[in-house]
Every structure is written in C-alpha cells, then in structure tokens.
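Residue strings, one per chain:
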Amino acid sequence: MEEVPAPASPTPAPGSGTPPPPPVPQTETEMEHQFDGLEVDAPRVGIVMGSKSDMPVMEKAGKELEERGIHHEVRVMSAHRDPDVVAEYARNARMRGLRVIIAGAGLAAALPGVVAAHTDLPVIGVPLLSRTSVAGGLDSLLAIAQMPPGVPVGCVGVDAARNAAVLAARILDA
Ligand code: AIR
C-alpha cells in the first residue's frame, strides 16, 4: 500500500500572508501582559464577605468605589463554611486582574487572613459587628488585625467598610 505523506506544516513560509499565532504564555506574568489593555472592564477591587448578613455594611464599600469610578465585584464566601471557594478565589484573584481585596467578616473573622494566605495582593480587612458579637466587635477586630508575621492584612475600624474602599482607592493610585 502506498504511504500517505504527512500533511504540510501549518506554519506559512516567510512573507506568505497569515502570521503565525502568538506564543502560548508560560507564566502568569506573561499571561497578564497578554491581557494588558484588553480587559478594560475587569474588576480591580474584589469585595468579599463572610455572610449575606454582612451586606448592608459592606455595600458601603461598593458605593464608595462606584462613586470613584473604580470597577469592582462583590462576592459572599465564608472562610469556615466555604473554605475551598475562598482559597480558589484568592489564588485566581491576581490573574483575573484584581489589584486589591476588601474582606469583611464578623465573629471569628478568618476571611481576610485566609484570603491573604492565598494571594500576595493587598488585603484590607473590615471587622464587622454581628448579632452575636462580643465587646462591640472586638472579637472580629482582633481576629483580623492579629495576623502572624509575614501574612499582613490591613485592618480598618469596626464596620468601617467605606474607609476600606477609600484605602483601596489610594493603593490603586500609588
Ligand atoms: N462568619 C461567617 N463565616 C465565618 C464567619 N466568621 C461571620 C459572618 C457574619 C457572622 O459570621 O461574616 O458576620 C454571622 O453570619 P450569619 O450567616 O450567621 O449571619
């Protein structure tokens, strides 16, 4: 039986028209460069919170960013109830174009710290007053501020979601 010759290489000869496809990015940084200037609508700030019950306070951060024309996204995810979701969100945040994460939680407020454990983006924690908080929210304030050396979380005041947004805006401008 006659042997069928292998198909010709898809790479065109120099000067023959279609340019070769761009190289596939090998690293996350290369991938980010490919998206430079393209994803103009990609959110730059991620606002996350431990429960839907945190929304009335945390939406003040969104409002402040909106007034400043800073594109953001809002997600509810609990460090204790949805640990895998939080880890995945934080790990992908930089690649998705986010530059700052604002994380609010009440009670044993692990969310900002867990996010900071999975990303090197700046994380601003918002301690929240919850229905069963003790000492006026001191529980979440300490849980957020008392991070171990090497894993920093910026911490604003109790329920100070708007300040978190102002700080995020300053970080983006820096
Ligand atoms: N929370 C949720 N998962 C872990 C923590 N620390 C917090 C929420 C909320 C509080 O627990 O951020 O402030 C009460 O949540 P819920 O859903 O019972 O209203």
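This text gives an overview of the structure that appears in the document. Treat the numbers as computed from the prediction; the structure is a model and nothing was measured.

1. Looking at unusual backbone geometry
Phi is mostly negative for residues that are not glycine, and the peptide bonds are mostly trans.
Part 1: Of note in this structure, Leu107 is not a glycine but carries a positive phi near 60 degrees.
Part 2: Here Leu107 shows up in the loop between strand 3 (100–106) and helix 4 (111–118).
Part 3: Positive phi, normally seen in glycine, also occurs at Ala135, with a value near 50 degrees.

2. Re the environment of Ile102
Part 1: Structurally, the position occupied by Ile102 is in strand 3.
Part 2: Along the chain, Ile102 and Ala165 lie 63 residues apart, while their C-alpha atoms are 7.5 Å from each other.
Part 3: When sequence neighbours within four positions are dropped, the list of residues in contact with Ile102 reads Val45, Ile47, Ala61, Ile124, Val126, Ala164, Ala165 and Ala168.

3. A word on the site of the ligand
Part 1: Around the ligand sit 16 residues, and of these Gly50, Ser51, Ser53, Ser78 and Gly106 come closest.
Part 2: In terms of residue class, the shell around the ligand is built from seven nonpolar, seven polar and two charged.

4. With respect to the nonpolar core
Part 1: In this structure, Ile102, Leu111, Val115 and Ala164 are the most contacted members of the largest nonpolar core, which totals 42 residues.
Part 2: Secondary-structure elements contributing two or more residues to this core are strand 1 (45–49), helix 2 (55–67), helix 3 (83–93), strand 3, helix 4, strand 4 (123–128), helix 5 (138–145) and helix 6 (161–173).
Part 3: Here this core takes five residues from strand 3, the largest share from any one element.
Part 4: The residues contacting Ala164, other than those within four sequence positions of it, are Ala61, Ile102, Ile124, Val126 and Val156.

Reading the values: rules and limits
Residues numbered from 1 in each chain as written. Predicted model: local features only at pLDDT ≥ 70, side-chain atom pairs only at ≥ 80, totals over all residues. Helix = DSSP H or I, 4+ residues; strand = E, 2+ residues; numbered from the N terminus. Contact = placed C-beta atoms within 7 Å. Near = placed C-beta within 6 Å. Nonpolar A, V, L, I, M, F, W, Y, C, P; charged D, E, K, R; others polar. Core = buried A, V, L, I, M, F, W, Y, C linked by C-beta atoms within 7 Å. Buried ≥ 20, exposed ≤ 12 C-beta atoms within 10 Å, placed from the backbone.

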